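Examining the three-dimensional arrangement
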Amino acid sequence: ESFSWAIGITAGVVFAIIAAVIYMAFRYSKSALFVVFLQMALDLFLTLGLILICRVTVNITAGIVVFTAFMISLFNSFVFYNKVRENRKSGAYEGVNNNEMANKVTKQTAYKKILIYIASIIACIVFIIFGSSGVRMVALGMLLSLITTFYTSTFLLPAFWAIADKPKKIKQKI
């Protein structure tokens, strides 16, 4: 087999990362650029590490899994940043430091996130049990990417954001 699919997927992921990071920097803050890039890199490296540990065949399956991990990571970042932005606009958490804000946002999004991840894990398990060998490998890889993205988005993303984010100072009218 040729590895032209690997070049195409790598180019697609790199382009998507660049576009997503630029979007996050313009939409939210410059610290979002660093945090989102760091989280996506961690998700991709952890997923690839688990793929190698679990001996998932490195072919188009690995490409699909890496792309899935990237998309889930990006989605988790958008959800987190939108909730932070919503909380800041409401003013309900004014005067709260970043650590407390990160904890509150994580708690606010936890219920929906857990339900989505449980449904996705159940679907992966069904495909692992009832699917053909090719489908099994993709489902196993997606299960591994779900585990890594859940871990990083729940435990690491809020901590990275709390360290890196500097709230914008509101200019007072004279």
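Residues numbered from 1 in each chain as written. Predicted model: local features only at pLDDT ≥ 70, side-chain atom pairs only at ≥ 80, totals over all residues. Heavy atoms only, no water.

At a minimum axis separation of 10 Å, helix α4 (residues 98-130) and helix α5 (residues 133-164) run at an interaxial angle of 175 degrees. Looking at the two axes, α4 sits roughly antiparallel to α5. Residues of the contact of α4 with α5, tallied by class, amount to 19 nonpolar, 7 polar and 2 charged. (Axes fitted to C-alpha atoms, helices over the stretch in contact; angles between N-to-C directions. Helix = DSSP H or I, 4+ residues; strand = E, 2+ residues; numbered from the N terminus. Parallel < 35°, antiparallel > 145°, perpendicular 65-115°, else oblique. Nonpolar A, V, L, I, M, F, W, Y, C, P; charged D, E, K, R; others polar.)

Taking 1.5 Å per residue, 32 residues should reach 46 Å; α5 reaches 43 Å between its end C-alpha atoms and fits that length. If you look at α5, its biggest bend is around 40 degrees, right at Leu156, and the proline Pro158 turns up within four residues after that. (Expected span 1.5 Å × (residues − 1). Bend = angle between axes of the 7 residues up to and from the residue.)

What follows concerns the pattern of salt bridges. Under the criterion given, the structure shown has 2 salt bridges. In this structure, Glu86 and Lys83 form a salt bridge, with 3.1 Å as the shortest nitrogen-oxygen distance. Taken together, the residues Glu86 and Lys83, both in helix α3 (residues 60-90) and 3 residues apart, mark about one turn of the helix. Residue classification places Lys83 among the partly exposed positions, given a relative accessible area of 22%. The partner of Asp165 in a salt bridge is Arg88, with the nearest N and O atoms 2.6 Å apart. Here Asp165, found in the segment after α5, pairs with Arg88, found in helix α3; they are 77 residues apart in sequence, far enough to count as distant. On the basis of relative accessibility, which here comes to 4%, the residue Asp165 falls in the buried class. (Salt bridge = Lys/Arg side-chain N within 4 Å of Asp/Glu carboxyl O. Buried < 20%, exposed > 50% of the residue type's maximum accessible area, 1.4 Å probe, protein only.)

With that settled, the discussion passes to the side chain of Thr47. The residue Thr47 is located in helix α2 (residues 30-53) in this model. On the basis of relative accessibility, which here comes to 0%, the residue Thr47 falls in the buried class. For Thr47, the residues in contact, after removing those within four places along its chain, are Val65, Ala69, Ser145 and Thr148. (Contact = heavy atoms within 4.5 Å.)

Note: α-helices contain 3.6 residues per turn, so residues at a spacing of three or four share the same orientation. Here α2 is 24 residues long and its end C-alpha atoms lie 35 Å apart, about the 34 Å a rise of 1.5 Å per residue gives. For α2, the full list of buried residues reads Ser31, Ala32, Val35, Val36, Gln39, Met40, Asp43, Leu44, Thr47 and Ile51. Of the residues one or two after α2, Arg55 is the one with positive phi, at around 60 degrees.

Let us now look at the packing of aromatic side chains. Ring pairs (aromatic) are described by centroid distance and by the angle formed between their planes. Applying the stated criterion across every chain yields a total of 5 aromatic pairs. A ring pair is formed by Phe67 and Phe70, whose centres lie 6.3 Å apart and whose planes are at 40 degrees; its orientation type is tilted. Residue Phe67 and its partner Phe70 are both found in helix α3; the two are separated by 3 residues, about one turn of the helix. With relative accessibility at 1%, the residue Phe70 sits in the buried group. Look at Tyr151 and Phe155: their rings are 5.5 Å apart centre to centre, the planes differ by 45 degrees, and that puts the pair in the tilted class. In this pair, Tyr151 and Phe155 both sit in helix α5, 4 residues apart, roughly one turn of the helix. Accessibility expressed as a relative area gives 41% for Tyr151, which makes it partly exposed. Ring pairs connect the aromatic residues Phe80, Tyr81 and Trp161, which therefore count as one cluster. (Phe/Tyr/Trp six-rings, centres within 6.5 Å; stacked < 30°, edge-to-face > 60°.)

Structural measurements only, silent on function.
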